[in-house]
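Here are the chains, one letter per residue:
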Amino acid sequence: MDLKIKQDKSWNLADMFADDAAWEKQMQKVAALGEKLAARKGRAAADAQSLLETLRLSDELNCKGGQCAVYAECRFHTDMSAARGKEMNGQLQILFTRLGEQTAFLEPELMRCGREQFENFCSDCPDLALYRRMMEDLFDRADHLLDDAGEALLTRMADLGGGYRQVFDDLVINDTPAPQVEGPDGEPVKVTEAGYFSALQNADRPFRARYYNALLGMYGGHINTLSSSYYGRVRADVYLAKSRRYPTARAAKLAANFVPEEVYDNLIATVRANCGPLQEYVALRKKVLGIDDFHFYDFFLPLTEEPPRTYPFEEAAQLVLEATAPLGEDYAEKMRRALENRWIDVYPKDNKQSGAYSTGTYGFHPYMLLNYDNTLEDVFTLVHELGHSMHTMYSCESQPFVYSDYSIFCAEVASTTNEQLLYYYLLGHCESDDLRRLLLSKHLDDLRSTFYRQTMLADFEMQTHARVEAGQPLLPDVLCDIHAQLNRDYYGPELVVDKSLSYEWSRIPHYYRAFYVYQYATGISAAIAIANRIRTGVPGAVEDYKKFLCGGCSEHPIELLRYAGVDMAQPQPILDAVAEFRDTLEELKKLL
């Protein structure tokens, strides 16, 4: 069926609130709900009916507050210079800070209700059974709860620990002038993170080297400050974990999503044991590019020229609809609604937020922000963000509000599954060997950066936190040596590990959100396994996947993925990703 995409490709925020005045009214309602919930302090779970009223009130507050947040975010990001958008965003931040203070009592008070008491309350008030999973999760964390004074202290400590990321941002973004290097045409080029990928895709190798070394040298010039900042962040992680009686910082972070530590260990061990294909890829790049000394800045130069092909948005929309057709008519119908009805702000414009994302909240359809520029990469970005939006729709339509959100661990699975389906669809409809080479090369680069590299970064985090927990300091040379050795371990002897590369750990902002990056690697592994089940026609694969999409947070992430036929506690999904990389590499070798 042909799509009927509206000419106006900005998003229609009136689907949320008719105008800003309607948003202001809901903000007032949210503030009043916060006051109402705060007044329940000390009696939130006094009896069964009180507990039910408290939980329903909390749901209403979070639902309406989330709706206000999405509207304000979208208003702001379409024109970040507009005074009204800034004002609304500021209002939202002030309100949410106040709400956080007002409701800080709630989780500890609910935890103290206890399992036995809660079950008694459920007998008295059957409507409470809806909240059993949520309450069980709270009770599981009760052993790590402190008294009121201790909780207040840890809240302040967590806030202080968050300041280390601000030190990183201020130093790197605000206080360090961008260096300049000579460009390919002899003119000066400013060296920035924003220009990193474009510069490193330039065919002029001396320019790539100058740019890369200047950028990493900027971090190296502040390596003592950046090391102290990161060391402070790790010490804060360790302090908070010990204060809550967790054995390690990693255990504390993974427990927040109910992810077993064996998942992390399995990822690191399996990838480390299967770096051979990655090292073969480095050797292939070295051979094809005709260079004797392969440096990190040589990873980004395309191995094949991109065919002169553009993808207008209407064509891209039709492509992603066809690529995801195996997921069934109900999935396609949801995608058509998103593509046809101004749920997407499509094109770049002045003062618009860069990049792309999908956002959504209960009671409203999702919204997607793109900066679409008619490239193949933009087509993949479109299908990626649609994957997030479909996940949101299935979850919100299938679950009550309390279980409608999905965890970070699951978040990248739906988006990357869509990418896998698009990749194989395009591969099966290739117009030329040039396009096929391009697709294979792109797939390898995506897997290298998302699967292998993010696992390597997760390995770094595991090692640095373990050192601090053993009472050892994180000095600059120690951090640089760990990162350099990891590059040797993963990429092998064909990669030159130079001084600039040893500084690279210090430019990773995700390190200030500990034990986060591993989820990129587990997410793509799960997506590959799911997409392979769907593509090869495994009986029930589509239905299994939709059970996952509909699950929200009604089960823990590992259990939800098992619905989709993937067990992330086992090596097999990781091995599937390794096999995907190896098979793609072998096919590309034949075409080069």
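Residues numbered from 1 in each chain as written. Predicted model: local features only at pLDDT ≥ 70, side-chain atom pairs only at ≥ 80, totals over all residues. Heavy atoms only, no water.

A. Representation of the overall build of the protein chain in the model. When its secondary structure is counted, the protein chain shows 25 helices and five strands. A compact globule built from 592 residues would reach a C-alpha radius of gyration of about 25 Å, and the protein chain, at 25 Å, matches this within 12%. Per-residue burial for the protein chain yields a buried fraction of 54% across its 592 residues. Relative to all contacts within the protein chain whose residues are 6 or more apart in sequence, the contacts with residues 24 or more apart total 75%. Accessible surface, the protein chain: about 25100 Å² in total, of which carbon and sulfur atoms supply 50%. Within the protein chain, one finds 62 positive and 88 negative side-chain charges whose respective centroids are separated by 2 Å. (Helix = DSSP H or I, 4+ residues; strand = E, 2+ residues; numbered from the N terminus. Rg over C-alpha atoms; globule rule 2.2 N^0.38 Å. Buried < 20%, exposed > 50% of the residue type's maximum accessible area, 1.4 Å probe, protein only. Contact = heavy atoms within 4.5 Å. Areas by Shrake-Rupley, 256 points an atom, 1.4 Å probe, with all protein chains shown as cover. Lys, Arg positive; Asp, Glu negative; His and termini not counted. Charge placed at Lys NZ, Arg CZ, Asp CG, Glu CD.)

B. How the structure looks around the pattern of salt bridges. Per the stated rule, a full pass over the model turns up 46 salt bridges. Here Lys589 makes a salt bridge to Glu280, at a shortest N to O gap of 3.3 Å. With Lys589 in helix H25 (residues 572-591) and Glu280 in helix H14 (residues 276-289), the pair connects residues that are 309 residues apart, well separated along the chain. For Lys589, a relative accessible area of 32% translates into the label partly exposed. In this structure, a network of salt bridges that share partners links the residues Asp20, Glu24, Arg75, Arg84 and Glu87. (Salt bridge = Lys/Arg side-chain N within 4 Å of Asp/Glu carboxyl O.)

C. Representation of the packing of helix H18 (residues 408-428) against helix H19 (residues 433-469) in the model. Interaxial distance between H18 and H19 falls to 10 Å at its minimum, and their mutual angle equals 155 degrees. Between H18 and H19, the angle is such that the two are roughly antiparallel. Judged by the twist between their axes, the crossing of H18 over H19 is left-handed. Contact residues: H18 offers Gln420, Tyr423, Leu426 and Leu427, while H19 offers Arg436, Leu439, Leu440 and His443. Within the contact of H18 with H19, the residues separate by chemical class into five nonpolar, two polar and one charged. (Axes fitted to C-alpha atoms, helices over the stretch in contact; angles between N-to-C directions. Parallel < 35°, antiparallel > 145°, perpendicular 65-115°, else oblique. Left-handed = near helix turned anticlockwise from the far one by under 90°. Nonpolar A, V, L, I, M, F, W, Y, C, P; charged D, E, K, R; others polar.)

D. Quick look at the sheet that holds strand S4 (residues 357-359). Strand order in this open sheet of three strands is S3-S5-S4, and the pairing throughout is mixed. Bordering the open sheet on either side are strand S3 (344-345) and S4, each of which pairs with just one other strand. Bridge count between S3 and strand S5 (residues 367-369): two bridges; the pairing is parallel. For Asp345, the partnering residue across the bridge sits in S5 and is Leu369. (Pairing = 2+ DSSP bridges.)

E. A look at the side chain of Thr78. Residue placement: Thr78 occurs in helix H2 (residues 48-78). Within polar-contact distance, the side chain of Thr78 engages the backbone oxygen of Arg75 at 3.1 Å. Apart from residues no more than four positions distant in its own chain, Thr78 is found in contact with Trp11, Asp345, Lys349, Asp350, Asn351 and Lys352. (Polar contact = N/O pair within 3.5 Å; in protein donor to acceptor, adjacent residues only side chain to side chain.)

F. Structural view of the packing of helix H22 (residues 518-535) against helix H23 (residues 541-550). Where H22 meets H23, the closest approach of the two axes is 8 Å, and the angle between their N-to-C directions is 145 degrees. When H22 is examined against H23, the residues Ile530, Arg533 and Ile534 are found in contact with a partner set consisting of Ala541, Val542, Asp544 and Tyr545. Split into classes, the residues belonging to the contact of H22 with H23 amount to five nonpolar, no polar and two charged.

G. Summary view of the state of the cysteines. Applying the stated rule across the entire model yields zero disulfides. Free of any disulfide, Cys396 has its nearest cysteine sulfur in Cys63, 8.8 Å distant. The thiol sulfur of Cys553 is not disulfide-bonded, and the nearest other cysteine sulfur, from Cys410, lies at 9.6 Å. Residue classification places Cys553 among the partly exposed residues on the basis of a relative accessible area of 28%. (Disulfide = S-S within 2.5 Å.)

H. The arrangement of unusual backbone geometry in detail. A positive phi is found at Asn351, a non-glycine position, where the angle reads about 70 degrees. Mapped onto the secondary structure, Asn351 falls in the loop between S3 and S4. On the accessibility criterion, Asn351 (43% relative accessible area) is partly exposed. Of note in this structure, Asn374 is not a glycine but carries a positive phi near 70 degrees. Relative to the helices and strands, Asn374 resides in the loop between S5 and helix H17 (376-398). The class of Asn374 is partly exposed, set by a relative accessible area of 29%.

I. How the structure looks around helix H20 (residues 476-491). If you check H20, its first and last C-alpha atoms are 22 Å apart, about what 16 residues at 1.5 Å a residue would give, namely 22 Å. Pro476, Val478, Leu479, Cys480, Ile482, His483, Ala484, Leu486, Asn487, Tyr490 and Tyr491 are the residues of H20 that are buried. Where H20 is buried, its residues contact helix H11 (223-243), helix H13 (261-272), H14, H19 and helix H21 (499-502). Downstream of H20 by one or two residues, Gly492 has phi in the positive range, about 85 degrees. (Expected span 1.5 Å × (residues − 1).)

J. Focus on the packing of aromatic side chains. Enumeration according to the criterion identifies 36 aromatic pairs in this entry. Measuring from centroid to centroid gives 6.3 Å for Tyr230 and Tyr512, while their planes differ by 80 degrees, and the two rings are edge-to-face. Of this pair, Tyr230 sits in helix H11 while Tyr512 sits in the loop between H21 and H22, placing them 282 residues apart in sequence. When its relative accessible area of 1% is taken as the criterion, Tyr230 is described as buried. By relative accessible area, Tyr512 is classed as buried at 10%. A ring pair is formed by Tyr264 and Tyr518, whose centres lie 4.9 Å apart and whose planes are at 45 degrees; its orientation type is tilted. With Tyr264 in helix H13 and Tyr518 in helix H22, this pair connects stretches of sequence that are 254 residues apart. Neither residue differs from the other here; Tyr264 and Tyr518 are each classed as buried. Three or more aromatic residues link up through ring pairs in this structure, and these residues are Tyr196, Phe197, Tyr212, Phe294, Phe296, Tyr297, Phe299, Phe300 and Tyr491. The ring of Phe299 carries the charged tip of Arg448 above its face, separated from the ring centre by 4.2 Å. Here the basic side chain of Arg535 rests over the ring of Tyr424, its NZ or CZ set 3.5 Å away from the ring centre. (Phe/Tyr/Trp six-rings, centres within 6.5 Å; stacked < 30°, edge-to-face > 60°. Lys NZ or Arg CZ within 6 Å of the ring centre and 35° of its normal.)

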